[in-house]
Amino acid sequence: MPTASELIEEYLKDNEQLSENSKISYRRNAGKYGQLNMDIATFKEMRKVAEQGATPNSKATIINVAIMLTKNRPQIFNRLTQYREELRDQIASDRKKKMISLNEDLPSYESLIEELKNQSGLNYLVNYLLIHNGLRNADLELYYSKSKSPDDNSKNYIYKNQKTGEIILIINKYKTAGTYGKKTIIINNKRLAEEVSKLELKDGDALFKLDGKPASSKTIAQRVRRMTINKLSEGEVAKIIVKHMIDSKNFEELRRISRSRGTSMETLLSSYNIYDDK
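Residues numbered from 1 in each chain as written. Predicted model: local features only at pLDDT ≥ 70, side-chain atom pairs only at ≥ 80, totals over all residues. Heavy atoms only, no water.

Participant: Describe the overall build of the protein, and please don't skip the residues or the numbers.
Facilitator: In terms of regular secondary structure, the protein is built from 13 helices and 6 strands. Counting only C-alpha atoms and orienting by the principal axes, one finds that the protein spans roughly 65 × 45 × 35 Å. Counting over 278 residues, the protein shows a buried share of 47%. Across the protein, every contact between residues at least 6 apart in sequence was considered, and the portion connecting residues at least 24 apart equals 59%. Carbon and sulfur atoms provide 47% of the accessible area of the protein, an area that totals close to 15,200 Å². Distance from the positive charge centre (48 side chains) to the negative charge centre (37 side chains) of the protein: 1 Å. (Helix = DSSP H or I, 4+ residues; strand = E, 2+ residues; numbered from the N terminus. Buried < 20%, exposed > 50% of the residue type's maximum accessible area, 1.4 Å probe, protein only. Contact = heavy atoms within 4.5 Å. Areas by Shrake-Rupley, 256 points an atom, 1.4 Å probe, with all protein chains shown as cover. Lys, Arg positive; Asp, Glu negative; His and termini not counted. Charge placed at Lys NZ, Arg CZ, Asp CG, Glu CD.)

Next up, the structure:
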């Protein structure tokens, strides 16, 4: 009697490149199907599990697990896929309403740049990387390295070239690493280099610590939210960036943000575009 949890473990073994956060999400949502036998469970039973989600988006995330695990049952697979499309229509409608509200409430890009000047130390570094590179919280799970080419490919690193002052980020662990691979981001900014130096980081030091040890991903996300200008989420900062690039018609810069964030242009211009009313 294969349960969703058992089947998802097989899937994860075949997809080891997935981030830890993705694995946690898959396991959590698979667990919601309990002891249901995925070889014989009905569409109605699986939909009932998905309906536990509080929003169309959470319901779609739950049902997506069932879709992944029922590809050998065409009729059920097709009904689940159709249900997910209905949820996506609801998500798009809700998103349109939210985007209209965000357009009215979010601060301008220019105000973020102006306020960035008043930041210092780690606050400056975090806000700079979000505003100028569109990074996610997970990208900021950084360790300082004295080497430009650290050996451990399971971590993210920040390195300062002592001769040129360049700040180099080597990002191995992030949401879309399975699609885009390792990211290397080179930043030539004198003020940023000065603020990094003020942190007095030693080789191997974690950028974020808790009780002397590297902080967890959850703790980092919470700290980043408290540190950002206006306490914006990284997603809200990305929306401000995309709006500014569209307004200024600077699509080359938007492509650079796409590469540094590890997000396709298509996704930036849909999921992060407050002008998109689809």
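Participant: Before we move on, could you go through the environment of Ile-185 and cite the residues and values that matter?
Facilitator: You can see Ile-185 is positioned in strand β4 (residues 183-187). Linking Ile-185 and Ile-24, residues 161 residues apart in sequence, is a C-alpha distance of 27 Å. Setting aside its immediate chain neighbours within four residues, Ile-185 contacts Asn-133, Leu-135, Ile-167, Ile-168, Leu-169 and Ser-260.

Participant: Can you explain the side chain of Asn-172? Please cite residues and give values.
Facilitator: Along the chain, Asn-172 falls in the loop between β3 (167-171) and α8 (177-180). Among the polar contacts made by the side chain of Asn-172, one reaches the main-chain carbonyl oxygen of Lys-155 at a distance of 2.7 Å. (Polar contact = N/O pair within 3.5 Å; in protein donor to acceptor, adjacent residues only side chain to side chain.)

Participant: Now, about unusual backbone geometry: what can you tell me, with residues and values included?
Facilitator: Here the phi dihedral of Asp-211 falls at roughly 55 degrees; this positive angle occurs in a residue that is not glycine. Within the fold, Asp-211 resides in the loop between β5 (209-210) and β6 (213-214). Residue class for Asp-211 comes out exposed when judged on its relative accessible area of 74%. Non-glycine residue Lys-231 carries a positive phi angle of around 55 degrees.

Participant: Give me the lowdown on the pattern of salt bridges, citing residues and values where you can.
Facilitator: Summed over all chains, the structure comprises 15 salt bridges. Here Glu-51 makes a salt bridge to Arg-47, at a shortest N to O gap of 3.5 Å. Linking Asp-139 and Lys-183 is a salt bridge whose minimum nitrogen-to-oxygen distance equals 3.2 Å. Placement of the pair is Asp-139 in the loop between α7 (121-133) and β1 (142-144) and Lys-183 in strand β4, with a sequence separation of 44 residues. The burial state of Asp-139 is the same as that of Lys-183; both residues are buried. A network of salt bridges, in which partner residues are shared, links Arg-47, Glu-51 and Lys-59. (Salt bridge = Lys/Arg side-chain N within 4 Å of Asp/Glu carboxyl O.)

Participant: Please provide a residue-by-residue account of the pairing of strand β2 (residues 156-160), values included.
Facilitator: With 5 of 5 residues buried, β2 lies mostly within the body of the structure. Of the two faces of β2, the one carrying Asn-156, Ile-158 and Lys-160 and the one carrying Tyr-157 and Tyr-159 are both buried. Note: β1 against β2, 3 bridges, orientation parallel. Across the sheet, the residue bridging to Leu-142 is Asn-156, located in β2. In this sheet, β3 lies alongside β2 in antiparallel orientation, the contact comprising 4 bridges. Bridge pairing links Tyr-159 to Ile-168 in β3. Linking two consecutive strands that pair antiparallel, namely β2 and β3, is a turn of 6 residues; a positive phi of about 85 degrees is found at Gly-165 within it. (Pairing = 2+ DSSP bridges.)

Participant: Can you break down the nonpolar core residue by residue, with the values?
Facilitator: Grouped together as the largest cluster of nonpolar side chains are 46 residues, with contacts concentrated most on Leu-129, Leu-140, Leu-169 and Phe-208. Membership of the second largest hydrophobic core comes to 26 residues, among which are Tyr-33, Ile-62, Ile-67 and Ile-76. (Core = buried A, V, L, I, M, F, W, Y, C linked by side-chain atoms within 4.5 Å.)

Participant: Lay out the environment of Asp-152 with the relevant residues and their values.
Facilitator: Looking at the element boundaries, Asp-152 is found in the loop between β1 and β2. According to the relative accessible area criterion, Asp-152 is partly exposed, its value standing at 32%. Taking the C-alpha atoms as reference points, Asp-152 and Ile-113, separated by 39 residues in sequence, lie 34 Å from one another. Non-local contacts of Asp-152, meaning those with residues more than four positions away in its chain, are made with Tyr-157 and Asn-172. Here the side chain of Asp-152 touches Ser-154 through a polar contact of 2.5 Å, side chain to side chain.

Participant: Describe the environment of Lys-213, listing the residues and the values that go with them.
Facilitator: Position of Lys-213 among the secondary structure elements: in strand β6. Between the C-alpha atoms of Lys-213 and Leu-268, which are 55 residues apart in sequence, the distance is 35 Å.

Participant: Account for helix α6 (residues 109-116), naming residues and giving values.
Facilitator: By the burial criterion, the buried members of α6 are Tyr-109, Leu-112 and Leu-116. In a view along the axis of α6, the buried residues occupy a sector of 60 degrees, so they form one face of it. As for α6, its buried residues are in contact with α7 and α11 (234-247). (Arc of directions from axis to C-beta.)

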